[in-house]
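# Structural features, examined
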Amino acid sequence: MALGVPALAADAVKVGSKRFTESYVLGEIVRQTLERAGVPAEHRQGLGNTAILEQALGSGQVDVYPEYTGTIVRELLKRNPPADAPPPTLAQIDDWLAPRGLKAAVPLGFNNTYALAMREADAARLDVDSISALARLPAAQSARLRFGLSHEFLVRADGWPALKRAYGLSIADPPALDHGLAYQALARGQVDLIDVYSTDAQIGRLGLRVLKDDRGFFPRYDAVLLMRRSLPAAALAALAPLEGRIDEATMIALNAEVELDGRPFADVARGFLDRPAKGAAAAAPAAASAASLPSARPGLIDQVFAPDLGRLLLQHLVLVFGSVLLAVAIGVPLGIAAQRHARLGALVLGAVGLLQTVPSLALLAFLIALLGTIGFWPALVALFLYALLPVVRNTQAGLAGVPEGLRSAARALGLRDGQALRFVELPLALPTLLAGVSTAAVINVGTATVAAFVGAGGLGERIVAGLAVNDVDRMLAGAIPAALLALLVQGVFALIERRMRPLLPPRHGDRFDRQAGA
């Protein structure tokens with residue numbers, strides 16, 4: 001089970017993956033390889049970028065994930081060897097990682113380097129076949145090019161900033177575009193140049209021209225498994241047969257099965273492992289032929305009711321109602337204080353209102369750094385903070401709406417302030433308070449989908465995975481249950497309010513109020 005419900009699989013090897021097709025597939029291959037060897041494993045998929053996975057390894061939230069040597073050297077280790085220097089060996093990289101408690105092992109057998117790609121017609125028209133040729137374009141022509149570079153590529157040490165310096169590219173930094181959407185945007189003419197991975201299946205399908213890295217800027221990105229040095233020996237031994245088993249043609253074919261045929265990651269990984277391991281050279285034709293066979297693409301209904309629906313719903317509900325319960329436990333006392341003390345109330349309402357303006361991904365990133373972990377806890381805290389405003393505001397508003405005559409009657413009957421609050425004011429304010437709780441719960445059903453970006457699970461897993469491979473049905477398979485869940489939650493709270501209405505004390509204007517004010 002993923003991070004959405006922590007500590008349910010404490011002894012399982014936790015396999016991570018980044019948020020792009022190849023990483024999802026390799027993560028599934030690792031998980032299934034471990035399980036076939038009798039080693040319990042779980043796949044915490046689509047955890048985001050390199051920085052999040054590095055933190056997950058360091059904190060023990062992830063034990064192993066597929067990574068690339070160039071990324072390890074330049075992004076994690078912050079080493080920038082000269083372009084003419086030989087690439088470091090795996091043994092050297094492993095030595096550099098040792099002080100961090102990490103290990104690089106099991107080279108999978110292929111190199112997946114970064115590159116820039118354009119539509120063939122545009123590249124031919126502009127006579128651009130290399131990155132140097134791109135740099136030589138007149139300023140007027142280069143300014144008209146629309147770049148669609150991925151978020152991570154724009155900030156990586158081995159990405160866009162260093163590439164601009166190496167080639168003298170006088171091009172302004174473009175807005176970021178998710179890698180899963182970039183190919184479709186390029187095909188539709190919405191962008192003109194994107195960053196690609198050399199094993200992307202879409203390159204051949206769309207007939208793109210990959211620009212030559214004629215100055216050798218990009219290092220080798222040989223696929224390996226990056227793991228904690230504390231990974232059990234049994235797990236490492238189980239993964240050893242993967243060494244050298246996947247060459248570039250095989251990886252392209254596996255990516256194509258997901259992106260072009262629409263097959264689930266787990267099915268693609270299972271199909272690969274079911275084929276006999278006869279070496280990469282023999283496996284590649286088998287992979288290519290398997291990918292070329294007609295494949296039953298699961299329909300939207302099949303994807304909505306896929307076997308993982310129960311697990312994802314449980315994770316989503318734990319996040320939503322756990323955060324709302326926390327918001328009630330803390331927000332109601334804050335609302336009471338806000339109603340009792342005007343100055344404090346302005347400060348409290350201002351603070352919880354300010355939290356609503358913080359973008360969800362920014363808040364999650366801050367909480368990951370603050371808590372030192374990814375997954376369930378940062379997501380729960382973020383959702384709790386977002387749920388505070390409707391709970392605090394409605395508690396304050398509900399109490400403010402209690403007629404002063406009822407408070408006077410309570411004091412006349414000898415009730416202390418605490419007793420009056422408990423037996424008179426809160427019951428009368430309950431409908432308004434309950435409306436705030438309902439609003440918080442419904443909003444959090446939608447907001448909780450973002451938690452999948454940090455490995456917290458839930459229905460957002462499907463949306464994030466669909467975004468990674470630009471699969472609308474897969475995104476809808478997460479969005480539709482989330483929307484239905486929001487409607488169900490709203491209906492449940494409406495039913496609770498109707499059932500409670502006859503049990504509540506009468507309010508202003510009825511017989512009880514007239515007697516109390518007499």
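Small disclaimer: the values here were computed from a predicted structure and weren't measured. (Residues numbered from 1 in each chain as written. Predicted model: local features only at pLDDT ≥ 70, side-chain atom pairs only at ≥ 80, totals over all residues. Heavy atoms only, no water.)

Burial of nonpolar side chains together is a common tendency in soluble globular proteins. Ranked by size, the top nonpolar core spans 66 residues in total, and within it Val13, Ile29, Leu34, Leu116, Leu134, Trp160 and Leu163 carry the most contacts. The element contributing the most residues to this core is helix H1 (residues 21-36), with six residues. The residues touching Leu163, leaving out its near neighbours within four places in the chain, are Leu116, Ile131, Phe153, Leu169, Phe217 and Phe218. By size, the runner-up hydrophobic cluster in this structure holds 61 residues, among which are Ala104, Leu367, Leu385 and Ala387. (Core = buried A, V, L, I, M, F, W, Y, C linked by side-chain atoms within 4.5 Å. Buried < 20%, exposed > 50% of the residue type's maximum accessible area, 1.4 Å probe, protein only. Helix = DSSP H or I, 4+ residues; strand = E, 2+ residues; numbered from the N terminus. Contact = heavy atoms within 4.5 Å.)

Taken together, the side chains of Val472, Leu476, Ile480, Leu484 and Leu487 present a nonpolar region at the surface, about 440 Å² in accessible area. As for its placement among the helices and strands, Leu487 is situated in helix H24 (residues 472-500). The class of Leu487 is exposed, set by a relative accessible area of 57%. (Patch = residues over 30% accessible without salt bridge, like charges linked within 9 Å, V, L, I, M, F, W, Y side chains within 5 Å. Areas by Shrake-Rupley, 256 points an atom, 1.4 Å probe, with all protein chains shown as cover. Salt bridge = Lys/Arg side-chain N within 4 Å of Asp/Glu carboxyl O.)

So, on to the packing of helix H21 (residues 404-412) against helix H22 (residues 417-447). Packing of H21 against H22 leaves a shortest axis separation of 10 Å and a crossing angle of 160°. In terms of orientation, H21 and H22 fall into the roughly antiparallel class. Viewed along their axes, H21 and H22 form a crossing whose handedness is right-handed. On H22, the residues that touch Leu406, Arg407 and Ala410 of H21 are Ala420, Val424, Glu425 and Leu428. (Axes fitted to C-alpha atoms, helices over the stretch in contact; angles between N-to-C directions. Parallel < 35°, antiparallel > 145°, perpendicular 65-115°, else oblique. Left-handed = near helix turned anticlockwise from the far one by under 90°.)

Further remarks concern helix H3 (residues 69-76). Burial analysis of H3 places eight of its eight residues in the buried class, the great majority of the element. Along H3, the positions that sit buried rather than exposed are Thr69, Gly70, Thr71, Ile72, Val73, Arg74, Glu75 and Leu76. Contacts from the buried residues of H3 go to helix H2 (50-59), strand E3 (64-68), helix H4 (90-97), strand E4 (102-105) and strand E9 (223-228). After H3 finishes, the residue Lys78 shows a positive phi value of roughly 55°.

Attention now moves to the environment of Phe366. Mapping Phe366 onto the fold places it in helix H19 (residues 360-371). For the pair Phe366 and Ala382, spaced 16 residues apart in sequence, the C-alpha separation works out to 9.7 Å.

With that out of the way, let us pick up the packing of aromatic side chains. Per the counting criterion, the structure on display carries 10 aromatic pairs. A centroid spacing of 5.3 Å and a plane angle of 45° characterise the contact between Tyr114 and Tyr197, whose relative ring orientation is tilted. Residue Tyr114 is located in strand E5 (residues 114-119), and its partner Tyr197 is located in strand E7 (residues 193-197); the two are separated by 83 residues in the primary sequence. Judged on exposure class, the residue Tyr114 and its partner Tyr197 are both buried. Between Phe147 and Trp160, the aromatic rings sit 5.6 Å apart at their centres with planes inclined by 55°, giving tilted as the arrangement. With Phe147 in strand E6 (residues 147-148) and Trp160 in helix H9 (residues 160-167), the pair connects residues that are 13 residues apart, well separated along the chain. (Phe/Tyr/Trp six-rings, centres within 6.5 Å; stacked < 30°, edge-to-face > 60°.)

What follows deals with the sheet that holds E6. With mixed pairing, four strands are arranged side by side in an open sheet as E6-E7-E5-E8. Every other strand in the sheet has two partners, leaving E6 and strand E8 (208-210) as the edge strands with one partner each. Direction of pairing for E5 relative to E7: antiparallel, over a ladder of five bridges. Opposite Ala115, over in E7, you have Val196 as the bridge partner. Sheet contacts for helix H10 (residues 179-187): E5, E6, E7 and E8; angle to E7, the most-contacted strand, approximately 130°. (Pairing = 2+ DSSP bridges.)

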